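# A closer look at the structure
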Amino acid sequence: MTAAGLKEITLPMLQLPEMGSTSQKSEKSPKIGKQLSFCGQILVQLLTDGYQRHPQQGALLLSAEHVKALGKLVSASASTDLERGFLQALRSEPVLALAGAVEVQAHCLAQCSHTSLATAAMLIQHSRTHLLQLELWCLSTATGKYLRNHMDSFLPLIHVYLQCRDLYGFSRPSAGKGTLSPARDAEATFPVQDLLALRAGHVHTTGKGDKT
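So, here's what we can say about the structure. Note that the coordinates shown come from a computational prediction; the quantities given were computed from them, not determined experimentally.

This paragraph deals with the overall build of the protein chain. Assigned secondary structure in the protein chain consists of 11 helices and 0 strands. Along the protein chain, helices (α) and strands (β) appear in the sequence α-α-α-α-α-α-α-α-α-α-α when read from the amino end. Expressed as a percentage of the 212 residues in the protein chain, the buried residues total 41%. In the protein chain, the share of contacts with a sequence separation of at least 24, taken over all contacts with a separation of at least 6, comes to 72%.

Running from N to C, helix α6 (residues 102–111) and helix α8 (residues 128–138) cross one another at 50°; their axes reach a closest spacing of 10 Å. The orientation of α6 with respect to α8, classified from their angle, is oblique. Here the hand of the crossing between α6 and α8 comes out right-handed. Of the residues in α8, those in contact with Val-102, Gln-105 and Leu-109 of α6 are Thr-129, His-130, Gln-133, Leu-134 and Trp-137. Looking at the contact of α6 with α8, its residues break down into 4 nonpolar, 4 polar and no charged.

Moving on, we come to the environment of Ser-75. Looking at the element boundaries, Ser-75 is found in helix α4 (residues 64–76). Spatially, the C-alpha atom of Ser-75 lies 5.6 Å from that of His-107, the residues being 32 residues apart in sequence.

For His-66, the location among the structural elements is in helix α4. Among the residues examined, His-66 registers a relative accessible area of 2% and is labelled buried. Once residues within four sequence positions are removed from consideration, His-66 is found in contact with Lys-7, Thr-10, Leu-11 and Leu-14.

How each quantity is defined
Residues numbered from 1 in each chain as written. Predicted model: local features only at pLDDT ≥ 70, side-chain atom pairs only at ≥ 80, totals over all residues. Heavy atoms only, no water. Helix = DSSP H or I, 4+ residues; strand = E, 2+ residues; numbered from the N terminus. Buried < 20%, exposed > 50% of the residue type's maximum accessible area, 1.4 Å probe, protein only. Contact = heavy atoms within 4.5 Å. Axes fitted to C-alpha atoms, helices over the stretch in contact; angles between N-to-C directions. Parallel < 35°, antiparallel > 145°, perpendicular 65-115°, else oblique. Left-handed = near helix turned anticlockwise from the far one by under 90°. Nonpolar A, V, L, I, M, F, W, Y, C, P; charged D, E, K, R; others polar.

Encoded structure:
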């Protein structure tokens, strides 16, 4: 199937109502969440095969419209196959991160799996909006405890954030401009300080554990 044919087939599938691509939660395991329906499974297979058959072809295999619809489906389901497909799309065409909704990142942070956090890392690495959204998420009072409880999982994402944060200086006030009061300036830099402290504390604790 050509790339154009793949786009033509998958977009209508992505635009189906949520119920067309996902199944209802299992009554026996309600915590698992919605899984992909048969139609959703076919969609993931088409996208996976598409990237395997058309690697680095010059033109985007998916459009921004595809990614927006795919992101909504990722946020609405608990399918690890769909998450892997979305991550594969971002890795193949990083510019598509610009089309991802902030709800996708929120879903990834809540899932806290290797695939979902790798997806969040791709989003903040290639989108200013997602980088700022992560900073805002860090300002939540519950985030610090959540990060400490899942520090091993979040360390790669923290590393990517600390590498990328200076690329998008507009997302926080520059030092010396005096545009914010001292209290608001401290609040604006809190995510950086918090992530650095959490990472340093984790390394220190791990180091102590290795010596014993």
